[in-house]
Amino acid sequence: MKKILKPIILFLIGGSIYISIEIIYRYLMDKPPTHWAMFVLGGLAFLIIGRLNEHIDWEMPFWLQALIGTAIVLVLEFIFGCVLNLWLGLAIWDYSNMPFNLLGQICLPFALIWSVLVVIAIVLDDYLRYWLFAEEKPVYYWKFQQREN
């Protein structure tokens, strides 16, 4: 039962946090309301980023884990953007006027924002797993090399 509930709970937490950030951002920037698919995108990104620890060594430098997490978010954003915005024409977002954009679906300025959110997501996921599911307490290595034993 725990194996089924854990990913559902983490997905719901990640989706809730992401869509909350999206709603606040859109309100402050006087943009139209967000789309429910952003909940799915946020939940999926949070779940995948959290699963990194199950497939990588705990001793991976934190900066590398954050870089991989940012790449995951950018790939998901690009896929969701291509399907929702370009194919279905929902116009949820458009980064065409932003520097270094790819088909208007991802761009460098927002990639930097995602990298900050990914750092928060990694730590939050690790501690949620520790507090809610009695998993191993998180330990982070910050250097540009792995810890020597």
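Keep in mind it's a predicted model, so treat the numbers as computed, not measured.

**A look at the side chain of asparagine 85**
Piece 1. Inspection of the secondary structure puts asparagine 85 in helix α3 (residues 62–87).
Piece 2. Under the relative-accessibility criterion, asparagine 85 is labelled buried at 9%.
Piece 3. One polar contact links the side chain of asparagine 85 to the main-chain amide nitrogen of isoleucine 92, over a distance of 2.8 Å.
Piece 4. Within the structure, asparagine 85 has its side chain in polar contact with the side chain of glutamine 105 (distance 2.8 Å).
Piece 5. Sequence-distant contacts of asparagine 85, defined by excluding residues within four places in its chain, comprise Phe80, Leu90, Ala91, Ile92, Trp93 and Gln105.

**Some details on the environment of serine 16**
Piece 1. Looking at where serine 16 falls in the secondary structure, it is placed in helix α1 (residues 2–28).
Piece 2. In this structure serine 16 comes out as partly exposed when scored by relative accessible area, which is 33%.
Piece 3. Taking C-alpha positions, serine 16 is 22 Å from asparagine 53, a pair spaced 37 residues apart along the chain.

The rules we used
- Residues numbered from 1 in each chain as written.
- Predicted model: local features only at pLDDT ≥ 70, side-chain atom pairs only at ≥ 80, totals over all residues.
- Heavy atoms only, no water.
- Helix = DSSP H or I, 4+ residues; strand = E, 2+ residues; numbered from the N terminus.
- Buried < 20%, exposed > 50% of the residue type's maximum accessible area, 1.4 Å probe, protein only.
- Polar contact = N/O pair within 3.5 Å; in protein donor to acceptor, adjacent residues only side chain to side chain.
- Contact = heavy atoms within 4.5 Å.

Limitation: the analysis is restricted to geometry and does not speak to function.
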